Amino acid sequence: MGDGGSDTGEDPMLDSLICVAGSSIKRSGFIASHSSDERERRVIFVNAGGEELRRQGHSEIEVETDRFFQGGDVLRTDEEVADGGDLPSIYQSARCGNFCYEFRDLPPGDYSVDLHFAEIVYTNGPRGMRVFNVFIQDEKAVSELDVYSIVGANRALQVMNIPVSAGKDGVVSVNFQGVVGSPTVSGICIKQGAPELQLVSSGRDGKSLLCDNCFAPVKLTAAENKAARMSFTAKYEREIRELKAQCQMKQDECYEAWMSLTAANQELEKVRAELDVKFFQNFTLGQAMEKETEKMAKISSKYEHDRRLWVAAIDELERKMKAIKSEHSQLSFEAHQCANSIPGLNQMVTAVQSLVGQYDDLKMKFNEEQERRKKLYNQLLESKGNIRVFCRCRPLNMEEASSRPQTVVEFTDAKDGDLGVLMNGSNKKIYKFDRVYTPKDDQCDVFEDASPVATSVLDGYNVCIFAYGQTGTGKTFTMEGTEQNRGVNYRTLELLFKIAEDRKKTISYDISVSVLEVYNEQVRDLLASSPPAKRLEIKQVSEGVNHVPGVVDMKVENVDEVWNILQTGSNARAVGSNNVNGHSSRSHCMICTVVRAKNLVTGECTRSKLWLVDLAGSERLAKTDVQGERLKEAQSINKSLSALGDVISALATKSSHIPYRNSKLTHLLQDSLGGDSKTLMFVQISPSEHDLGETVSSLNFATRVRGVELGPAKKQSDTTEIQKLKLMLCQLKCKDDTIRKLEENVQVLEGKTKSKEQFSKSQQDKIIDLENQVELKAELCGHLEKRLSHVYEKMQRKEEACYSFQQKVISFIILATFQRS
Ligand code: ADP
Ligand code: MG
């Protein structure tokens, strides 16, 4: 054991150990010896990693440039090396790493090797510590040099006098290859001769001491020995303690590391699970993307298809439009030509306009004339009292029409109220009525004339309208009508409500309706839900006012209710009868409308009645033809109709006694026949020759009612007023014809000019329509394109999301692999 700590005494940090016999450590740089012997012993001195050095003087030194080496690297520093001795600069360079030096051509024999080391700051390894394990090979064997040295920074160190020998080959090699640590050698000096071995005896036994490792004899005093041992023991105990503490620390660290590793593993597991989820998500996303892509492909193909269709449609439309435009221009050209070809068109137009003006004037005059005529006519009627008789002839029925039709009625002067009846072939009798309706006149025409009489009930008049005639001549048709072709009853009540509504600000009306039937001189309530306990009787409640106690008097608010009541009555008429038509033709149906009016301005109140009567058939039956019930019926009808005739003629002759009470019918109608009341009779006739007898009978009765018998002779004796009116009517007819002709002319001309205009207008409309269609389609196209680009954008976004997700997944994988490794 060598004492490397001689300079620093007890400092254990500066311990050194050298295990080669004869060698020693010196903690300073090279000092040249003054003895020439020493100088002569130096064979080779190389500056490892450095240049050649030479120092002249009494102790001349020569250091060769770095040679004889194999491998290793050069280290150099400008730092000062402490205790550099006579050659401090050799310690500023070194060879390091894996290398060896081989000195050749040396004369065989023993040599000593000095190795110069230096700590060079900021080289590899901890500051100030070097571990050398140097093998020096000589001819015979491998000798081992162990150097353990701790030195200060930038301090020179020499391991001196390592014994080596050169064989016959004259080679000495100093090998630093495979050495533990990082040997850094600044210089090597080969000296001739083996180092001197100094054997020292110990103070106690006087024996020499050998190194435990290499059995080299070492020089040691007893005190030194003890101190060294104690120092070593203390040092090692301290080191053991430190090591234990370090071990504990490391254990803790290990535990912590283990824990963190577990946590990391758990984290890793989590990450892995997440990764799996992400993988799955990615997979589903991928699938979704594939689907989306497919969808997109479909959409885009559909879009492409649609687009092509649209384009084709637009092309088609454009083509059509072009064709229409050219057609239009052609037409307008033609129109111009047409206009040009009629030079007098403008004159014609003005002529037409003047004609229209004339026509308007004439029309106005005509209307005025008609008004005047109406007034005169009304005056005429007024002059005749309050009984009006309208004659209505039904059309031939199917049966009559199919056989050879023989009509006995003539309507040549029907407009003047004249009805011609052919008696016995050629003999024609003229009947005069207030109105004569031909089979062609409809319900509206009839009601138009009847309405002023009917609606006078609202002005406080009692009114009676009845239809008289042979069965099958249209009494029920005129009064009731059908649902599609309603008669006087419904139309009257409808109009009453309308007028009442119009007048509601000044007059309030209460309208109630009852429906009665007179059969075999008995009164029956058609609105009663159950048969009455006793017979219905007519009572006089006050002067001129009759009433049937116990009769249902339905208050009606609107026309719908009226229709229901009329239907109820009509249906009830049939109940209890085997032959509906038969029964109805043998009874009188009487609708009584009572109007209570209150004038809201004057406070005046009125109560008036309107009777609408569909009489039983007036045909007379031969007494031999009927018996029993039928005879009774016939007698009843005969009685009531005769009574009606008697009452009316008494009224016409202004007789002092009016025989109302002769029948239930006249008794019921008492307050509405005669006096201030207004009466309107429809005499219904058949055109057929077969019914001539009954027709003549009915017409005679009607004439009696009307109070004025007009035969052919009496016709002559018409008043001058009538003559004047006839003349006026002729004039009016002429004017009418002229106006009609003018109108026709105007219409033809207007039609001609208008048809051209209309044609070009319709073409223009078509063009506009097509243009609109084109615009719409273009809009739709744009809309579709927008949608497509939107879908593209969406797809791109999805792709981006997918890409970023893929990136994420990759980074996760990398992280996971990294953590696992
Ligand atoms: P009445 O009540 O007098 O016995 P109806 O009113 O029952 O006669 O008429 C007998 C038939 O003749 C019915 O079918 C009716 O529709 C038809 N009729 C009567 N008058 C006309 C007319 N002016 N136009 C068309 N058909 C009519
Ligand atoms: Mg009838």
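That block above? That's the structure.
Residues numbered from 1 in each chain as written. Chains lettered and ligands numbered in written order. Predicted model: local features only at pLDDT ≥ 70, side-chain atom pairs only at ≥ 80, totals over all residues. Heavy atoms only, no water.

Draft legend 1. Summary view of the site of ligand 1. If you check the shell around ligand 1, you find Arg392, Arg394, Pro395, Gln470, Thr471, Gly472, Thr473, Gly474, Lys475, Thr476 and Phe477 and nothing else. Gly472 is positioned such that a nitrogen or oxygen atom in its backbone is 2.6 Å from an oxygen atom of ligand 1. For ligand 1, the protein covers 66% of the area, taking 550 Å² as the surface of the free molecule. A per-element tally of the shell around ligand 1 places helix 6 (residues 475–479) first, with 3 residues. (Near = heavy atom within 4 Å. Polar contact = N/O pair within 3.5 Å; in protein donor to acceptor, adjacent residues only side chain to side chain. Areas by Shrake-Rupley, 256 points an atom, 1.4 Å probe, with all protein chains shown as cover. Helix = DSSP H or I, 4+ residues; strand = E, 2+ residues; numbered from the N terminus.)

Draft legend 2. Representation of a nonpolar patch on the surface in the model. There is a patch of nonpolar side chains on the surface, built from Tyr255, Trp258, Met259 and Leu261 and spanning about 470 Å² of accessible area. Along the polypeptide, Trp258 turns up in helix 2 (residues 222–341). Classification of Trp258 as exposed rests on a relative accessible area of 55%. (Patch = residues over 30% accessible without salt bridge, like charges linked within 9 Å, V, L, I, M, F, W, Y side chains within 5 Å. Salt bridge = Lys/Arg side-chain N within 4 Å of Asp/Glu carboxyl O. Buried < 20%, exposed > 50% of the residue type's maximum accessible area, 1.4 Å probe, protein only.)

Draft legend 3. A look at empty space enclosed by the protein. A complete count under the given rule lists 3 cavities of 30 Å³ or more for this structure. Counted as a void, the largest cavity has a volume near 170 Å³. Surrounding the largest cavity, 14 residues form its lining, Ser514, His547, Val548, Cys592 and Lys609 being those nearest its centre. Mapped by element, the contributors of at least two residues to the lining of the largest cavity are strand 22 (507–519), strand 25 (545–547), strand 27 (588–599) and strand 28 (605–614). With 3 residues, the single largest contributor to the lining of the largest cavity is strand 28. (1 Å grid on protein atoms, 1.4 Å probe; cavity = no way out; pocket = protein on both sides within 12 Å on 5 of 7 lines; lining within 4 Å. Points joined across faces, edges and corners; volume = space filled by probe spheres on them.)

Draft legend 4. Local environment of the sheet that holds strand 17 (residues 409–410). If you walk across this open sheet you meet the 3 strands as 17-18-19, and the pairing is antiparallel. The two strands at the open ends of the sheet, each matched to only one other strand, are strand 17 and strand 19 (427–432). Bridging between strand 18 (residues 418–423) and strand 19 involves 6 bridges; their strand directions are antiparallel. The partner of Leu419 across the bridge, within strand 19, is Tyr431. (Pairing = 2+ DSSP bridges.)

Draft legend 5. Inspection of the nonpolar core at higher detail. Core analysis: the biggest nonpolar cluster contains 52 residues, and Leu419, Phe433 and Phe466 have the highest contact counts within it. With 7 residues, the top contributor of residues to this core is helix 10 (residues 628–652). The residues contacting Leu419, other than those within four sequence positions of it, are Cys391, Val409, Glu410, Phe411, Lys429, Ile430, Tyr431, Phe433, Val436, Ile685 and Leu699. (Core = buried A, V, L, I, M, F, W, Y, C linked by side-chain atoms within 4.5 Å. Contact = heavy atoms within 4.5 Å.)

Draft legend 6. View of the pattern of salt bridges. As enumerated under the stated definition, the model contains 30 salt bridges in all. Here Arg486 makes a salt bridge to Glu483, at a shortest N to O gap of 4.0 Å. Here Glu517 makes a salt bridge to Arg524, at a shortest N to O gap of 3.1 Å. Owing to a relative accessible area of 1%, Glu517 belongs among the buried residues under this scheme. By relative accessible area, which is 31% here, Arg524 ends up partly exposed. In this structure, a network of salt bridges that share partners links the residues Glu52, Arg54 and Glu62.

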